[in-house]
Amino acid sequence: GKKKSPAAGGERGVITTVKETIVPDSFYFHIRVHFESKSMKITPRLYESLCLSAVKSLHGDSLFASEIEILTQLPNLSVILRVARRFHSMLWSALTFLNSYDGEACRVEVLKASPFAVSVPGPQPPSDGEDHWGRFVVRAVP
């Protein structure tokens, strides 16, 4: 009679490889706002309000404050924020087109955007005003 090879017909000894794509639920942004007049006090609360206002202005939709989390404000007054992945495109486009906030001319720089927290920078000492990407967050952000 004929013998079947172990790989044929799903018999024992067959190794199956399964590829799985893991899609994070959150998206992280490193952003910095620049106001034409230097009188605006830049705080994490201002960034949250700015994000909500930008989305409503461009898309007519509203994000809830609970959907944007300011994780940290860095010494250069930029912030790291987290938003639900389903809103990241909406927020990114709104920030890109924002040109005024609360009657003040401004622009927002999206310095980095990533679905992974480890690819956005951690707190750094004040520097020469340039962003240096040599240091990264090495701990998971809760």
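Residues numbered from 1 in each chain as written. Predicted model: local features only at pLDDT ≥ 70, side-chain atom pairs only at ≥ 80, totals over all residues. Heavy atoms only, no water.

(A) Just helix H1 (residues 44-59), in detail. Helix length check: H1, at 16 residues, gives a terminal C-alpha distance of 23 Å against a target of 22 Å (1.5 Å per residue), a fit within 8%. Those residues of H1 not exposed but buried are Leu 46, Tyr 47, Glu 48, Leu 50, Cys 51, Leu 52, Ala 54 and Val 55. As for H1, its buried residues are in contact with strand S1 (26-35), strand S2 (68-73), strand S3 (79-84), helix H2 (88-97), strand S4 (100-101) and strand S5 (104-114). Within two residues after H1, Gly 60 carries a phi angle of roughly 75 degrees, on the positive side. (Helix = DSSP H or I, 4+ residues; strand = E, 2+ residues; numbered from the N terminus. Expected span 1.5 Å × (residues − 1). Buried < 20%, exposed > 50% of the residue type's maximum accessible area, 1.4 Å probe, protein only. Contact = heavy atoms within 4.5 Å.)

(B) Up close: the pattern of salt bridges. For the structure on display, the rule yields four salt bridges. One salt bridge connects Glu 109 with Arg 32, and the closest N-O pair in it is separated by 3.3 Å. In this pair, Glu 109 sits in strand S5 while Arg 32 sits in strand S1, placing the two residues 77 residues apart along the sequence. On the basis of relative accessible area, Glu 109 is assigned to the partly exposed category, the value being 24%. When its relative accessible area of 11% is taken as the criterion, Arg 32 is described as buried. Among the ionic pairs, Arg 86 bridges to Glu 67, the shortest N-O distance being 3.9 Å. Note that Arg 86 is positioned in the loop between S3 and H2 and Glu 67 in the loop between H1 and S2, a separation of 19 residues in sequence. (Salt bridge = Lys/Arg side-chain N within 4 Å of Asp/Glu carboxyl O.)

(C) Expanded view of the packing of aromatic side chains. Inspection of the entire model under this criterion finds three aromatic pairs. Taking the centre distance of 5.4 Å and the plane angle of 50 degrees together, the rings of Phe 27 and Phe 29 count as tilted. According to the relative accessible area criterion, Phe 29 is buried, its value standing at 0%. Geometrically, the ring pair formed by Phe 27 and Trp 92 is tilted, given 6.3 Å between the ring centres and 40 degrees between the ring planes. Of this pair, Phe 27 sits in strand S1 while Trp 92 is found in helix H2, placing the two residues 65 residues apart along the sequence. Of the residues examined, Phe 27 reaches a relative accessible area of 6% and is grouped as buried. For Trp 92, a relative accessible area of 35% gives the class partly exposed. (Phe/Tyr/Trp six-rings, centres within 6.5 Å; stacked < 30°, edge-to-face > 60°.)

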